[in-house]
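Structural characterization, general
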Amino acid sequence: MSAIRTTCAYCGVGCGIAATVTGERTVEIKGDVEHPANHGKLCSKGTHLGETTSLEGRLLYPMIHGKRASWDKALDLVAKRFRDTIAEHGPNSVAFYVSGQLLTEDYYVANKLMKGFIESANIDTNSRLCMSSAVAGHMRAFGEDVVPASYDDLDAADLLILVGSNTAWCHPVVYQRILAARAARGTRIVVIDPRRTETCEDADLHLAIRPGSDVALFNGLLAHCREAGLIDEAYLSRSVDVPDDFWDRVGEGSDLWSVARSCDVPPADLRRFFDLFAAHPRTVTMFSQGVNQSLRGTDQVNAITNLHLATGRIGKPGAAPFSITGQPNAMGGREVGGLATTLAAHMDFAPDNVARVARFWGTEAVAAKPGLKAVDLFRSIGEGRIKALWVMATNPAVSMPDAGSVREALGKCPFVVVSDCIADTDTTRFAHVKLPAAGWGEKDGTITNSERMISRQRRLFELPGEAKPDWWIVKEVGRRMGWTGEFAYSRPADIYREHTRLSTYQNHGARLFDIGKHAAISNAAYEEMEPWRWGGAVFADGRFPTPTGRARLIGVTQRPLQAPLANWPMTLNTGRYRDQWHTMTRTGLSPKLGSHRREPMVEIHPLDAEALGVVEGDLARVSTPQGQSIFRATLSEGQRRGEIFTPIHWTDRQSSGGRAGLLPRSLVDPHSGQPGFKSTPATLARVAAEWRGFLIARDEPGAIDALWVTRVRVAQGWLVELAGDGDVTRLIRALLPKGERVETIDTARGQTRHAVLANGRLVAALYLSRTGNLPSRDWLIAQLGDTAAPAPVELLAGRSATPAPDRGPVVCVCFDVGMKTILAAISDQQLASVEAVGCKLSAGTNCGSCRPAIQRLIGQAKEAVNG
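Residues numbered from 1 in each chain as written. Predicted model: local features only at pLDDT ≥ 70, side-chain atom pairs only at ≥ 80, totals over all residues. Heavy atoms only, no water.

Quick look at the overall build of the protein chain now. Secondary structure summary: the protein chain contains 30 helices and 34 strands in total. For a compact globule of 867 residues, the expected C-alpha radius of gyration is about 29 Å, and the protein chain comes in at 27 Å, within 12% of that figure. With the C-alpha coordinates of the protein chain rotated into their principal frame, the extents come out at 80 × 70 × 60 Å. When contacts within the protein chain are restricted to residue pairs at least 6 apart in sequence, long-range pairs at least 24 apart make up 72% of them. (Helix = DSSP H or I, 4+ residues; strand = E, 2+ residues; numbered from the N terminus. Rg over C-alpha atoms; globule rule 2.2 N^0.38 Å. Contact = heavy atoms within 4.5 Å.)

Another aspect to go through is the sheet that holds strand 29 (residues 717–724). Taken in spatial order, the 6 strands line up as 28-29-27-32-31-30 in an open sheet, and their pairing is antiparallel. The open sheet has two free edges, formed respectively by strand 28 (708–714) and strand 30 (740–746), since each of these has just one partner strand. Going across the sheet, the axis of each strand differs from the next one's by a mean of 10°, ignoring polarity. Where strand 27 (residues 691–697) meets strand 29, 7 bridges bridge the pair, whose relative direction is antiparallel. Paired with glycine 693 across the bridge in strand 29 is leucine 722. (Pairing = 2+ DSSP bridges. Axes fitted to C-alpha atoms, helices over the stretch in contact; angles between N-to-C directions.)

Among the nonpolar cores identified, the biggest contains 117 residues, and Phe82, Phe96, Ile192, Phe273, Leu309 and Trp390 are the most heavily contacted of them. When sequence neighbours within four positions are dropped, the list of residues in contact with leucine 309 reads Ala141, Phe142, Tyr235, Leu236, Val240, Ile314, Phe544, Ala551, Arg552 and Leu553. Residues Ile17, Cys43, Ala320 and Trp440 belong to the second largest nonpolar core, which totals 41 residues. (Core = buried A, V, L, I, M, F, W, Y, C linked by side-chain atoms within 4.5 Å. Buried < 20%, exposed > 50% of the residue type's maximum accessible area, 1.4 Å probe, protein only.)

The next subject is unusual backbone geometry. Notably, histidine 582 is not glycine yet its phi reads approximately 45°, a positive angle. By secondary structure assignment, the location of histidine 582 is in the loop between strand 21 (570–575) and helix 23 (591–594). Here methionine 584, not a glycine, exhibits a phi torsion of approximately 65°, which is positive. Residue placement: methionine 584 occurs in the loop between strand 21 and helix 23. Owing to a relative accessible area of 6%, methionine 584 belongs among the buried residues under this scheme.

To continue, consider the packing of helix 3 (residues 104–118) against helix 20 (residues 470–480). For the pair helix 3 and helix 20, the least separation of the axes is 8 Å and the interaxial angle reads 20°. The angle between helix 3 and helix 20 falls in the class roughly parallel. Crossing of helix 3 over helix 20 shows left-handed handedness. Of the residues in helix 20, those touching helix 3 at Glu105, Asp106, Val109, Ala110 and Leu113 are Asp470, Trp471, Val474, Lys475 and Gly478. In terms of residue class, the contact of helix 3 with helix 20 is made up of 5 nonpolar, 1 polar and 4 charged. (Parallel < 35°, antiparallel > 145°, perpendicular 65-115°, else oblique. Left-handed = near helix turned anticlockwise from the far one by under 90°. Nonpolar A, V, L, I, M, F, W, Y, C, P; charged D, E, K, R; others polar.)

Attention shifts here to the environment of glycine 627. Here glycine 627 shows up in strand 24 (residues 627–635). Glycine 627 sits in the buried class, given a relative accessible area of 18%. In the structure, glycine 627 is positioned 34 residues away from glycine 661 in sequence and 9.2 Å away in space, judged by C-alpha atoms. With residues up to four places along the chain from it excluded, the contact list for glycine 627 reads Val622, Leu662 and Leu663.

What follows is about the environment of glycine 726. With respect to the secondary-structure elements, glycine 726 resides in the loop between strand 29 and helix 25 (729–735). Taking C-alpha positions, glycine 726 is 8.1 Å from tryptophan 691, a pair spaced 35 residues apart along the chain. Sequence-distant contacts of glycine 726, defined by excluding residues within four places in its chain, comprise Glu690, Trp691 and Arg770.

Before going further, it helps to spend a moment on a negative patch on the surface. A contiguous patch of negative charge on the surface is contributed by Asp244, Asp245, Asp248 and Glu252. We classify aspartate 248 as exposed; its relative accessible area is 57%. (Patch = residues over 30% accessible without salt bridge, like charges linked within 9 Å, V, L, I, M, F, W, Y side chains within 5 Å. Areas by Shrake-Rupley, 256 points an atom, 1.4 Å probe, with all protein chains shown as cover. Salt bridge = Lys/Arg side-chain N within 4 Å of Asp/Glu carboxyl O. Lys, Arg positive; Asp, Glu negative; His and termini not counted. Charge placed at Lys NZ, Arg CZ, Asp CG, Glu CD.)

The alternating pattern of strand 13 (residues 320–323) places Ala320 and Phe322 on one face and Pro321 and Ser323 on the opposite face, and all of these are buried. As judged from the 4 bridges shared by strand 12 (residues 283–287) and strand 13, these two strands associate in the parallel manner. For threonine 285, the partnering residue across the bridge sits in strand 13 and is proline 321.

What follows is about helix 11 (residues 256–263). Three or more residues of helix 11 are buried, namely Leu256, Ser258, Val259, Ala260 and Cys263. On the buried face of helix 11, the contacting elements are helix 8 (214–227) and helix 12 (267–279). Just downstream of helix 11, aspartate 264 is the residue with a positive phi angle, here 60°.

What follows covers the sheet that holds strand 17 (residues 445–448). Strand order in this open sheet of 3 strands is 17-18-19, and the pairing throughout is antiparallel. Of all strands in the sheet, those with a lone pairing partner are strand 17 and strand 19 (532–533), marking the two edges. Relative to strand 18 (residues 453–457), strand 17 is paired through 4 bridges, and the arrangement is antiparallel. Paired with glycine 445 across the bridge in strand 18 is glutamine 457.

Close approach of charged atoms allows side chains of opposite charge to pair. For the structure shown, the criterion picks out 59 salt bridges. Among the charged side chains, a salt-bridge network with shared partners connects Arg407, Asp424, Asp426, Arg429, Asp652, Arg653 and Arg659.

Per the stated rule, a full pass over the model turns up 23 aromatic pairs. Three or more aromatic residues joined by ring pairs make a cluster, and in this case those are Phe82, Phe96, Trp390 and Phe415. The ring of phenylalanine 645 carries arginine 195 above its face, with NZ or CZ at 3.5 Å from the centroid. (Phe/Tyr/Trp six-rings, centres within 6.5 Å; stacked < 30°, edge-to-face > 60°. Lys NZ or Arg CZ within 6 Å of the ring centre and 35° of its normal.)

If you check helix 7 (residues 172–185), its first and last C-alpha atoms are 20 Å apart, about what 14 residues at 1.5 Å a residue would give, namely 20 Å. Of all the residues in helix 7, the buried ones are Pro172, Val173, Val174, Tyr175, Gln176, Arg177, Ile178, Leu179 and Ala181. The inward-facing, buried residues of helix 7 abut helix 5 (151–156), strand 8 (159–163), helix 6 (167–170), strand 9 (188–192), strand 12 and helix 30 (851–866). (Expected span 1.5 Å × (residues − 1).)

What follows covers the environment of threonine 341. Within the fold, threonine 341 resides in the loop between helix 15 (330–335) and helix 16 (351–361). Threonine 341 gets classed as partly exposed once you look at its relative accessible area, which sits at 24%. Along the backbone, threonine 341 and phenylalanine 218 are 123 residues apart, and their C-alpha atoms lie at a distance of 27 Å. The residues touching threonine 341, leaving out its near neighbours within four places in the chain, are Arg128, Phe349, Pro370 and Lys373.

What follows is about the packing of helix 8 against helix 11. Between helix 8 and helix 11, the shortest axis-to-axis distance is 9 Å and the interhelical angle comes to 160°. Viewed along their axes, helix 8 and helix 11 adopt a mutual orientation that is roughly antiparallel. Regarding helix 8 and helix 11, the two cross each other, and that crossing is left-handed. Facing Ala216, Leu217 and Gly220 of helix 8, the residues of helix 11 in contact are Val259, Ser262 and Cys263. Looking at side-chain class alone, the contact of helix 8 with helix 11 contains 4 nonpolar, 2 polar and no charged residues.

Written out as structure tokens, the structure is:
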């Protein structure tokens, strides 16, 4: 069978995939060499998409109050409850909360139903949590939400500034492109991030600034540029409006020493950064969640765009500010007005725009003002003002800030609908109606990536069970609510044509988002559509989509940074792991991806850990005023003193601790409404569990009664880490399946070890210890395979009688190469480069996601040799 060209399910890079279906639910994944976003490359997550296409955990039938129902009954109920709620309480008593995982066609129909016919703008998206500050900043500076850069600019730049962006982990294919440009033309790289992440491994300079001090940094650089004569006065005169007091505001406290003090960085490093910027006019400043997820996010975006506008570093090859998005189709959502604060086709709620959209959609009921942003939306649910909610393809019970309050709100809501491909999520447990949606591999439509490139996502598998595409589900509800003709779509191409026509309808060049050239695209041409980027070289002519045709410098000043609080002296930052995605509904199915980080950990500086009596591997409770959660502690000198980091992925389905969403405040940026996930006051304390242990098992265990439990998929089964207090007799009885049991109980040493065999093969093994003495997991996990179980004495010892070398934690997921293996090769064979390690071990030679980690190990080895 020939490969089907489609797109990856994960980040905003928008990689093309060549997928060859090899069975009923199996597929071979390769990068699409013809796709301009990735030219055949894929990161570890994309490479292992084939491990995530089974029907495990799928929602395959409509459910009403937990019981299977027909589509007609479920859709009729949804339409009736929304219609009745609107009739009794008005249009603003209902809301949709949707997702950057939707395709543009799904997004368009949901937006049209809510804003065009229900007459409310209460449709917001989880993209609010990702990049809404970039949207607000773009609209303030450019007059339209336009990303003025493409990946080609990364190839052409002489200086790349990565701000609040762990690109090596979160956008690995783009990062490999950056490194390729560096190798080809000597591109300099500066990383600005409070944490020393793997993105710093190849950087010329890392500025570990104080969280939230970005405005001070970029205002300081702009003031320096003015003093150094680097302002492009001709460009400002021709293309940019400058407020009268702008330069006075930029100049306040912007001398080198004051900026260094505000940002808490060495003045010499700051000077070096300023000199690099001055010496390299071709500069791209790439930013993502570290900038956006801040209480000052929009101002931070505008501080960056001010710098590029004032120095004329925009609209030219290799010179632009570049917001890179987190989700695969966040940009497509922005195009159709998926945010509560925007209307379709890059329009806002100005009366002329509302009237224009009303004419196009043939309705008099277009919402006249913005709706509730995500945090306000769930707050309104809790206050009883929203009485019917439809959640599509997202898991707000985990991902929203102060997620405990979000759960309380969901529990109070009179009517909750969730359309999802997964049956049991933390959010579906609150649903009165569950609607089975198509998953990746079954979807058919378009996405737009971070550089404005529209690509086709194509169906690989038939829809399983009774699953349906999201656009079909929404249009069927719309038709049942009485708008039959307005939602008469038969296929995604019908919706795409309408979407493109709206983008060009009475546009007359007012908005750059105009994809009207596809307004009459045929069904066949839609099927065969090649990736294409709308807008071309935006802003190259020096004109902007504002009423004056000029961009705007936005006067922003550094707002005071809160000092550590007496009762909450630590600052919590949250973010992603390299090989997991969102709440792990897909990546959690892959044993290979699970091997990179098998549990959620809290990273803490060694000196802070010492002061708190915490050592590597301890359990630690992270507490904030919103909640608390237990993580395994890991010491990292990449953390600033007083700051800690936790991953966002784990849910109640996977762990009794490690749920980061419980912890952040629901405070938001005043312009964008984006939550400030990066700086929550917190405390950390060691958790002294009486015993620890782990279980490996072929079958996933049910609920486990212990202080702390976290589980991850491994080859042929599951690995469950445990800790708790008191007697373990009942726990052992509950965890071990039936079968032939061998065991050893060492009361003096506080150890119990049990293995269960069936038909000569290992089905489960449990190891508990009061001293922390536990065997390595890897050899035991390997025994879950189909081969005969080893001797009982080996199982109880937890190691082979002829043990293989300990390879350490997996670094290269593609070739299954561990840290200790790499370190040994570096030492024994004197390997001095990532390429040399690749030649010997293959590590780092496929997706490249682990190359920064290998670079770090080479550096550690050199330091060890040099003392």
